[in-house]
Amino acid sequence: MSESSEATFGGRRAVPPNTSNAAENDPPTVELQGLVPRGFNPQDYLNVTGVHLFKERWDSNKVDHHTDKYVNNKLIVRRGQSFYIQIDFNRPYDPRRDLFRVEYVIGRYPQENKGTYIPVPVVSELQSGKWGAKVIMREDRSVRLSVQSSPDCIVGKFRMYVAVWTPYGVIRTSRNPETDTYILFNPWCEEDAVYLDNEKEREEYVLNDIGVIFHGDFNDIKSRSWSYGQFEDSILDACLFVMDKANMDLSGRGNPIKVSRVGSAMINAKDDEGVIVGSWDNAYAYGVPPSAWTGSVDILLEYKSSQKPVRYGQCWVFAGVFNTFLRCLGIPARIVTNYFSAHDNDANLQLDIFLEEDGNVNSKLTKDSVWNYHCWNEAWMTRPDLPVGFGGWQVVDSTPQENSDGMYRCGPASVQAIKHGHVCFQFDAPFVFAEVNSDLVYITAKKDGTHVVETLDTTHIGKLIVTKEIGGDGIKDITDTYKFQEGQEEERLALETALMYGAKKALKTEGVLKSRSDVHMNFEVENALLGRDLKVVITFRNNSSTRYTVAAYLSGNISFYTGVSKAEFKSETFDVTLEPLSFKREEVLIGAGEYMGQLLEQAFLHFFVTARVNETRDVLAKQKSIALTVPKVIIKVRGAQVVGSDMVVMVEFTNPLNETLRNVWIRLDGPGVTKPLRKMFREIRPKSTVQWEELCRPWVSGPRKLIASLTSDSLRHVYGELDLQIQRRPSM
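A short tour of the structure in this document, coming up. These figures come from a predicted structure and were not determined experimentally.

Notes on the sheet that holds strand β6 (residues 82-89)
Okay, step 1: Across the sheet, which stays open at both edges, the four strands sit in the order β4-β6-β10-β9 with antiparallel pairing between neighbours. For this open sheet the edge positions go to β4 (48-52) and β9 (132-139), each flanked by a neighbour on one side alone. Strand after strand, the sheet turns through a mean of 25° between neighbouring axes, direction not considered.
Okay, step 2: Relative to strand β10 (residues 142-148), β6 runs antiparallel, the two sharing seven bridges. Of the residues in β10, the one forming a bridge with glutamine 86 is arginine 144.

Structure follows, in structure tokens:
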């Protein structure tokens, strides 16, 4: 197409890597061949005087392609579906003697065989699955075309040209940024690899720009809204920039398997200067605490403008931004939360909790950790690289946990393959299988160096797997898409299949009774309000006709949500005498002052109770994390909730603690209602209230949401939200 694409490297002709959507190399406007007569004048032939793309929000090109929500004045279409363009010539077009075609070009080194240079022939009838342009109207000097793209073409921003044939060569329109065309994945097209056949699911997993992320604890599920903002100004360009930054070859950008795998590596900054720097150590100098973000827009725009990783994120931030990336490009996606998620360092399907002989946890030997919850994403696509039946939802996880083929990334791994134990299929299925299926093994480390397996818990890990329900903010339980019910024959078969395909499992737990004691122990935490005293209630039940004495130990720790302990704030031992067939309650009081000074990002307290039955030497062990209930930010609005009308948003917060909050940041977000905003308060004294008002002018109608977050030096993970119903502007 042009001289520079014919560059010679090291004695052989080769084309440099075509890895940047932003890089350009314009084809020549005149390509003449052979001898040209002296009097040749290009103006004597058919000449293009104008190109119209019908790219306004209300035009059928954007409405029919479900791209009318993008705040972008360029044409955005979805692949495999026809769209309309109009070309104006200097004279009426005569199909018997005039020959022209439309060309789409992407990247700096376009090649037809790589799909980066696409000559679109004018045809009498459009053929399914192929590029083509059909003349649907001729009027005076104008021609209207129906252009259809291939359902597997590259996804990105194409430059468009019109080329006219003359007896002496080609005359081409010059570069015009106004005719640039974005082509996206198309879940509405049956031939596209991301086709989703349910309209309600497409509305939720592609078009919904606000989501809910579930966090907290299995026994106390908490939720927070997240602004995906995939249609906001410049976000589409930011998502394309992410692939450019990864040096992803343009020819692979039509494959959702490759795009989602590159995305899972690039959303984290661990080894590739990706979007977000992860931090789990509660120190967020020179950055934003993970809990402060209200959505993806600020993060992606900062990354695109600075071209440097944004600080800081944890699993729900990685998942939120990754969801924006996938939905923005047209891949159906959702965020999933797994409660009690195993981070098994050697993927051996068991998490070893080592105990001292007195029942205390041995933190030196205990390397594996159980995350209270972990968020990842699912993306919907076919898997032609796997046997039939493993398409559909695929796990993709951008939180940097383990190295996969030399980079911190995970997936896509087929959810169906994970459920049935087929962990041999790429990518990273053994790691995800372990996250939802590992056993907890309690082992006593004896003073003589020997290890004794005490007890086994096969139901703790992957206790509950959830996502947001379609069309609402409630919980959808999807645990059964990942695993069969504990104890079912299918569940045992899936485990055996996983072991056969290479998932490791130490044999030392075989034959260990899961619960062999006559004494049963459980505990609950009551009144778990931030800044208040709370109570741990331990219950013992003796199911036998024998009298037992029990030596028990309670440890209270401040822990990260990843299950890693930071500091022990409570340690208590007590003895219990259990009469035959009796029930006994022990209470341990914990003062607010014992834990308040050491709280971490998410206000998680982790309690570990072990007990030894003296007569039988049986060891009972239970652990639970609780997320303290934190105060909320209140959002109110005044004025008409109408597109284009001013509306006052008031954000209010009352400090419920007995200490002054310092360096308080409040953030406000709401896609279609306001750009992300923030305000700082130097301090908020105990029991005092701060207010902040902003003027907003909504630009999107329908159900919308305002989201606020508050962070300070000593209090984080404080949120608030308000549902709005924005009316259309009344027609005059």
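Remarks on the packing of aromatic side chains
Okay, step 1: Scanning the model with the defined rule gives 20 aromatic pairs in all.
Okay, step 2: Connected via pairs of aromatic rings, a cluster forms that spans Phe89, Tyr93 and Phe100.
Okay, step 3: One residue, lysine 270, lies across the ring of tyrosine 408, its end atom 5.1 Å from the ring centre.

Observations concerning a negative patch on the surface
Okay, step 1: Where like charges cluster on the molecular surface, the negative patch consists of Glu356, Glu357, Asp358 and Asp448.
Okay, step 2: Looking at the secondary structure, you find aspartate 358 in the loop between β19 (350-355) and β20 (369-381).

Description of the environment of leucine 236
Okay, step 1: With respect to the secondary-structure elements, leucine 236 resides in helix α3 (residues 235-245).
Okay, step 2: For leucine 236 and tyrosine 182, which are 54 residues apart along the polypeptide, the C-alpha to C-alpha distance reads 9.2 Å.
Okay, step 3: With near-sequence residues (within four places) excluded, leucine 236 lies in contact with Tyr70, Ile76, Tyr182, Leu184, Cys328 and Leu329.

Describing the nonpolar core
Okay, step 1: In this structure, Val275, Trp316, Phe325 and Leu329 are the most contacted members of the largest nonpolar core, which totals 67 residues.
Okay, step 2: The contacts of leucine 329, once residues within four sequence positions are left out, are Val155, Leu184, Phe185, Leu236, Cys239, Leu240, Met243 and Val259.
Okay, step 3: The next biggest cluster of nonpolar side chains, apart from the first, holds 58 residues, and it includes Ala552, Val588, Ile626 and Leu657.

Examining helix α8 (residues 429-437)
Okay, step 1: Burial within α8 is extensive, with eight of its nine residues counted as buried.
Okay, step 2: Taken together, the buried positions of α8 are Ala429, Phe431, Val432, Phe433, Ala434, Glu435, Val436 and Asn437.

Let's talk about the sheet that holds strand β33 (residues 583-590)
Consider a sheet: its strands pair through backbone hydrogen bonds, and that pairing is either parallel or antiparallel.
Okay, step 1: Spatially, the three strands line up as an open sheet ordered β29-β30-β33, and their pairing is antiparallel. If you trace the sheet from one side to the other, it starts and ends with β29 (519-526) and β33, each paired once. On average, adjacent strands in this sheet sit at an angle of 15° to one another, irrespective of strand direction.

Here's the deal with the pattern of salt bridges
Okay, step 1: Throughout the structure, instances matching the rule amount to 37 salt bridges.
Okay, step 2: The shortest N-O distance in the salt bridge between aspartate 385 and arginine 383 comes to 2.9 Å.
Okay, step 3: Of the charged contacts, one joins arginine 697 and aspartate 646 as a salt bridge, the two residues approaching to 2.8 Å between their closest N and O atoms. Residue arginine 697 is found in the loop between β40 (689-696) and β41 (702-711), and its partner aspartate 646 is found in the loop between β36 (634-638) and β37 (647-654); the two are separated by 51 residues along the sequence.

Thoughts on a nonpolar patch on the surface
Okay, step 1: Taken together, the side chains of Val30, Leu32 and Val36 present a nonpolar region at the surface, about 200 Å² in accessible area.
Okay, step 2: Residue position: leucine 32 is located in strand β3 (residues 30-32).
Okay, step 3: For leucine 32, a relative accessible area of 39% gives the class partly exposed.

Let's talk about helix α2 (residues 199-207)
Okay, step 1: Turning to α2, its buried residues number three or more, namely Arg202, Glu204, Tyr205, Val206 and Leu207.
Okay, step 2: For α2, the secondary structure elements touched by its buried residues are β5 (75-78), α6 (315-329), β18 (333-343), β21 (392-397) and β27 (464-468).
Okay, step 3: For α2, the capping residue at the N-terminal end is asparagine 198, with a side-chain oxygen 2.9 Å from the backbone nitrogen of lysine 200.

A look at the packing of α3 against helix α5 (residues 297-306)
Okay, step 1: Where α3 contacts α5, the two axes come as close as 9 Å, and the packing angle between them is 55°. Relative to α5, the element α3 lies oblique. Taken as a pair, α3 and α5 cross one another with a handedness that is left-handed. Contact residues: Ile235, Asp237, Ala238, Cys239, Phe241, Val242 and Lys245 in α3; Val297, Leu300, Leu301, Tyr303 and Lys304 in α5.

Observations concerning the packing of helix α4 (residues 256-266) against α6
When two helices pack together, their arrangement is given by the angle between their axes and by how far apart the axes lie.
Okay, step 1: Axis separation between α4 and α6 bottoms out at 10 Å; the angle between their running directions is 155°. One way to sum up the angle between α4 and α6 is to call them roughly antiparallel. As for how α4 packs across α6, the hand of that crossing is right-handed. Of α6, the residues touching α4 (which contributes Val259, Ser260, Gly263 and Ser264) are Phe322, Phe325, Leu326 and Leu329.

Thoughts on the pairing of strand β30 (residues 534-542)
Okay, step 1: Across eight bridges, the pairing between β29 and β30 is antiparallel. The residue of β30 that forms the bridge with valine 519 is asparagine 542.

Concerning the environment of serine 149
Okay, step 1: Note that serine 149 resides in the loop between β10 and β11 (156-166).
Okay, step 2: At 2.9 Å, the side chain of serine 149 forms a polar contact with the backbone nitrogen of glycine 80.

A short note on the side chain of aspartate 180
Okay, step 1: Looking at the element boundaries, aspartate 180 is found in the loop between β12 (169-172) and β13 (181-184).
Okay, step 2: On the accessibility criterion, aspartate 180 (3% relative accessible area) is buried.
Okay, step 3: Setting aside anything within four residues of it in sequence, one finds aspartate 180 in contact with Leu53, Lys74, Leu75, Lys157, Phe158, Arg159 and Arg175.

Some thoughts on unusual backbone geometry
Okay, step 1: Residue tyrosine 312 follows arginine 311 across a cis peptide bond; omega there is 5°.
Okay, step 2: As for its placement among the helices and strands, tyrosine 312 is situated in strand β17 (residues 310-313).
Okay, step 3: Omega for the bond connecting glycine 411 with proline 412 falls within 30 degrees of zero, at 5°, which places this linkage in the cis form.
Okay, step 4: If you trace the backbone, proline 412 turns up in strand β24 (residues 410-414).
Okay, step 5: A positive phi angle, close to 50°, is found at phenylalanine 54, a residue other than glycine.
Okay, step 6: Mapped onto the fold, phenylalanine 54 is located in the loop between β4 and α1 (60-64).

Cut-offs and rules
- Residues numbered from 1 in each chain as written.
- Predicted model: local features only at pLDDT ≥ 70, side-chain atom pairs only at ≥ 80, totals over all residues.
- Heavy atoms only, no water.
- Pairing = 2+ DSSP bridges.
- Helix = DSSP H or I, 4+ residues; strand = E, 2+ residues; numbered from the N terminus.
- Axes fitted to C-alpha atoms, helices over the stretch in contact; angles between N-to-C directions.
- Phe/Tyr/Trp six-rings, centres within 6.5 Å; stacked < 30°, edge-to-face > 60°.
- Lys NZ or Arg CZ within 6 Å of the ring centre and 35° of its normal.
- Patch = residues over 30% accessible without salt bridge, like charges linked within 9 Å, V, L, I, M, F, W, Y side chains within 5 Å.
- Areas by Shrake-Rupley, 256 points an atom, 1.4 Å probe, with all protein chains shown as cover.
- Salt bridge = Lys/Arg side-chain N within 4 Å of Asp/Glu carboxyl O.
- Lys, Arg positive; Asp, Glu negative; His and termini not counted.
- Charge placed at Lys NZ, Arg CZ, Asp CG, Glu CD.
- Contact = heavy atoms within 4.5 Å.
- Core = buried A, V, L, I, M, F, W, Y, C linked by side-chain atoms within 4.5 Å.
- Buried < 20%, exposed > 50% of the residue type's maximum accessible area, 1.4 Å probe, protein only.
- Polar contact = N/O pair within 3.5 Å; in protein donor to acceptor, adjacent residues only side chain to side chain.
- Parallel < 35°, antiparallel > 145°, perpendicular 65-115°, else oblique.
- Left-handed = near helix turned anticlockwise from the far one by under 90°.

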